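Tertiary structure, described
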Amino acid sequence: MITLRSPAKLNLFLRILSKRADGYHELASLFQAITLFDTLAFSKADQDALTSEGIPVPLNRSNLIWKAVDLFRKKTGRIFALQVHVEKRIPLEAGLGGGSSNAATTLWGLNNLAGSPASPEELRSWASELGSDVAFFLSQGTAYCTGKGEEVAEVDVLPFSPEITVIKPHQGLSTPQVYAALKVDDLEAKDPKAALDSFLKGIPHYYNDLEEPAFTIDPSLKELKEKLLKHGFEAVVLAGSGSSFFCVGEAPKIPCDRFFSARAHFAHRSPDGWY
Ligand code: C5P
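Now for a look at the structure at hand. Just so we're clear, the structure is a prediction, and the values are computed from it rather than from any experiment.

Examining the packing of aromatic side chains
Scanning the model with the defined rule gives 13 aromatic pairs in all. Between the aromatic rings of Trp 274 and Tyr 275, the centroid separation amounts to 5.4 Å while the plane-to-plane angle is 80°, which identifies the pairing as edge-to-face. We note Arg 5 situated over the ring of Phe 37; from NZ or CZ to the ring centre the distance is 4.1 Å. The ring of Trp 108 has Arg 269 sitting right over it, with the charged end atom 4.8 Å from the ring centre.

Next comes the structure, spelled out in structure tokens:
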């Protein structure tokens, strides 16, 4: 049996550059894994089975865990029945990449269980067939991602590690819906390379171009952001396509105790190890 943690991610900045002919958006974003983890346990079994505890998730073949298993089988020809148990702590429809992270963790776990038939590079190239941000989760935890998000360039560990509070209201947001509400022409032309340099020098400027479309779909999210800012955080930014926010810095107490909330820090892994 192999038990692995599966981290959430934040987009410390997320800049949308253009809409592509295939309907996806060209982006430039600094992705960072955080210490908000699901746990996945994999073992060989007599027949395929997926079980879960914690936050409810679909257990049928629509789960990205199964899609990752099917892809691994197709690519490697290694077919053995599998028992997977997931302890789900990362909220769904939150913009935290929980499903994508589970898919990447599954590719990694299965590869180990099968005796490492695939190289890390192969796993990364397969990952983008499962979703735009799956490949990021095979990085070491901090990466500058471009294209649809699947072009992953590792960057150094950032020279600061703030306290993060993740807050998610009850309602979630659908990623395609948020992208559909985005008006690319209205976006301010910020330079993502300058933003990256600034983060690497320890001068972070957090932002997310998906905030405006998310606030158009659900105006209560804008009110929540303003409320959270009043608690004295350094920054409050929508996580990915939402609906959760990440709040940077120390606050006297966790606000909004009616909502999901979790404290976290940046997470990293060593080149050969997992999270
Ligand atoms: O690739 P993934 O399945 O995670 O993307 C989900 C949806 O998010 C896409 O169908 C698309 O509507 C939107 N998306 C986008 N541009 C990206 C990534 C995702 O428009 N770079």
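Quick look at the environment of Ala 41
By secondary structure assignment, the location of Ala 41 is in strand β2 (residues 25–44). Assessed through its relative accessible area of 14%, Ala 41 is described here as buried. What Ala 41 contacts, discounting residues up to four positions off in sequence, is Met 1, Ile 2, Thr 3, Gln 83, Val 84 and His 85.

Comments concerning the nonpolar core
As a rule of thumb, soluble globular proteins bury nonpolar side chains together. If you look at the biggest cluster of nonpolar residues, it comprises 42 residues, and the most contacted ones within it are Phe 42, Leu 82, Leu 107, Leu 123, Leu 130, Phe 136 and Leu 138. Aside from chain neighbours lying at most four places away, what touches Leu 107 is Ala 68, Phe 72, Leu 123, Ala 127 and Leu 130. Counting residues in hydrophobic clusters, the runner-up holds 30 residues, among them Ala 8, Tyr 144, Ala 239 and Phe 246.

Quick notes on the packing of helix α1 (residues 64–76) against helix α2 (residues 98–113)
In the contact formed by α1 and α2, the axes pass within 8 Å of each other and the chain directions differ by 35°. Crossing of α1 over α2 shows right-handed handedness. Counted together, Leu 64, Ile 65, Ala 68, Val 69 and Phe 72 of α1 and Gly 99, Ser 100, Asn 102, Ala 103, Thr 106, Leu 107, Leu 110 and Asn 111 of α2 form the full contact between these two elements.

A word on the pairing of strand β6 (residues 151–154)
With four bridges connecting them, strand β5 (residues 142–147) and β6 associate as antiparallel partners. Counted as the bridge partner of Ala 143 is Glu 154 from β6. Connecting β5 to the antiparallel partner β6 that follows it, the hairpin turn spans three residues, and Gly 149 within it adopts a positive phi of roughly 120°.

Focus on the site of the ligand
Near the ligand you find Gly 23, Tyr 24, His 25, Leu 27, Gly 131, Ser 132, Lys 148, Thr 175, Pro 176 and Tyr 179, and these make up its full shell. Interatomic distance of 2.8 Å between a backbone N/O atom of His 25 and a nitrogen atom of the ligand. Between an oxygen atom of the ligand and a side-chain N or O atom of Ser 132, the distance comes to 2.5 Å. If the ligand stood free it would expose 450 Å²; the protein chains cover 73% of that surface.

Conventions adopted
Residues numbered from 1 in each chain as written. Predicted model: local features only at pLDDT ≥ 70, side-chain atom pairs only at ≥ 80, totals over all residues. Heavy atoms only, no water. Phe/Tyr/Trp six-rings, centres within 6.5 Å; stacked < 30°, edge-to-face > 60°. Lys NZ or Arg CZ within 6 Å of the ring centre and 35° of its normal. Helix = DSSP H or I, 4+ residues; strand = E, 2+ residues; numbered from the N terminus. Buried < 20%, exposed > 50% of the residue type's maximum accessible area, 1.4 Å probe, protein only. Contact = heavy atoms within 4.5 Å. Core = buried A, V, L, I, M, F, W, Y, C linked by side-chain atoms within 4.5 Å. Axes fitted to C-alpha atoms, helices over the stretch in contact; angles between N-to-C directions. Left-handed = near helix turned anticlockwise from the far one by under 90°. Pairing = 2+ DSSP bridges. Near = heavy atom within 4 Å. Polar contact = N/O pair within 3.5 Å; in protein donor to acceptor, adjacent residues only side chain to side chain. Areas by Shrake-Rupley, 256 points an atom, 1.4 Å probe, with all protein chains shown as cover.

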